[in-house]
Amino acid sequence: MPGFIHHVEMKVDAAAAPERLRRIDSWCGDWQIGFRVLDPAPGSENIRIAFEDPRLARAFVGHFGGVLVDGRSVSNEAVVEDVYDRLARW
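Position labels on residues start from 1 in each chain and follow its written sequence. Where totals are concerned, whole chains, interfaces and linings use all residues; where local detail is concerned, this predicted model gives features only for residues with pLDDT of at least 70, and gives and counts side-chain atom pairs only at 80 or more. Side-chain numbers come from the whole structure's heavy atoms, not from hydrogens or water.

(A) Examining unusual backbone geometry more closely. Phi angles above zero are rare outside glycine, and glutamine 32 is one such case at about 55°. A residue is classified by how much of its surface remains accessible, and glutamine 32, at 74% relative accessible area, is exposed. For the exposure calls, accessible area comes from a 1.4 Å probe over protein chains only, and a residue counts as buried if that area is under 20% of its type's maximum, exposed if over 50%, partly exposed in between.

(B) Spatial organisation of the pattern of salt bridges. In what follows, salt bridge is the name for a side-chain nitrogen of Lys or Arg lying within 4 Å of a carboxyl oxygen of Asp or Glu. Per the counting criterion, the structure on display carries three salt bridges. As a salt-bridge pair, arginine 22 and glutamate 19 come within 3.9 Å of each other at their nearest N and O atoms. With arginine 22 and glutamate 19 both in helix H1 (residues 17-30) and three residues apart, the pair spans about one turn of that helix. We note a salt bridge from arginine 55 to aspartate 53, for which the minimum N-O separation is 2.6 Å. Helix numbers and strand numbers start at the N terminus; a helix is a DSSP run of H or I with at least 4 residues, a strand a run of E with at least 2.

(C) Representation of the confidence of the model for the protein. pLDDT: the predictor's confidence for each residue, scored from 0 to 100. Taken as a whole, the protein shows an average pLDDT of 81; of its residues, 78% reach a score of 70 or greater. Mean pLDDT values over the elements of the protein span from 49, in strand S5 (residues 80-81), up to 95, in helix H2 (residues 54-64).

(D) Structural view of the nonpolar core. The biggest cluster of nonpolar side chains holds 17 residues, and the ones touching the most others in it are Met10, Ile24, Cys28, Phe35, Ile49, Phe51 and Phe60. Of all the elements in the fold, those that place two or more residues in this core are strand S1 (6-11), H1, strand S2 (35-38), strand S3 (46-51) and H2. In terms of residue count, H1 provides more of this core than any other element does, five residues in total. Filtering out sequence-adjacent residues up to four positions away, methionine 10 remains in contact with Arg20, Ile24, Glu45, Asn46, Ile47, Ile49, Phe60, Phe64, Gly65 and Gly66. To define a nonpolar core, start from buried Ala, Val, Leu, Ile, Met, Phe, Trp, Tyr and Cys residues and group those joined through side-chain atoms within 4.5 Å. For this analysis, residues touch if any pair of their heavy atoms sits within 4.5 Å.

(E) Expanded view of the packing of aromatic side chains. Stacked, edge-to-face and tilted are the three classes for Phe, Tyr and Trp ring pairs, Trp counted by its six-membered ring, which pair at centre distances within 6.5 Å; planes under 30 degrees apart are stacked, over 60 edge-to-face, the rest tilted. The full count for this structure, using the stated rule, is four aromatic pairs. Where tryptophan 27 meets phenylalanine 64, the ring centres are 5.4 Å apart and the plane angle is 85°; that geometry is what we call edge-to-face. Separated by 37 residues along the polypeptide, tryptophan 27 in helix H1 and phenylalanine 64 in helix H2 bring together distant segments of the chain. Residue tryptophan 27 shares its accessibility class with phenylalanine 64, and that shared class is buried. When the ring of phenylalanine 60 is compared with that of phenylalanine 64, the centres are 4.9 Å apart and the planes differ by 35°; the resulting orientation is tilted. Of this pair, phenylalanine 60 and phenylalanine 64 both sit in helix H2, four residues apart, roughly one helical turn. Judged by its relative accessible area of 0%, phenylalanine 60 falls in the buried class. Phenylalanine 64 gets classed as buried once you look at its relative accessible area, which sits at 12%.

(F) Quick look at the pairing of S3. Counted residue by residue, S3 has five buried out of six residues, so it is predominantly covered. With six bridges joining them, S1 and S3 adopt antiparallel strand pairing. Bridge pairing links histidine 6 to phenylalanine 51 in S3. By this definition, two strands are paired if DSSP reports at least two bridges between them.

Set out below in structure tokens:
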């Protein structure tokens with residue numbers, strides 16, 4: 001995950017999460033934006049989406065909301081999942 005240091009944190013209701021993540025995946029795919037979904041803390045309604053480029057993180061916030069956070073505050077051992085693996089768990 002060395003390049004994915006620009007994070008956006010957003011609150012996602014568990015019931016709405018699968019559809020919201022599908023829309024995020026579709027939008028990022030349409031624009032060919034590489035991203036990672038970081039595994040949230042247990043019981044948290046917040047997720048983090050990580051990007052390599054700060055401009056892409058800002059564009060994401062403009063489209064989906066959320067807040068920019070410092071990705072360097074996350075341990076290098078944080079679990080990074082492909083969005084499809086995350087959707088499969090829901």
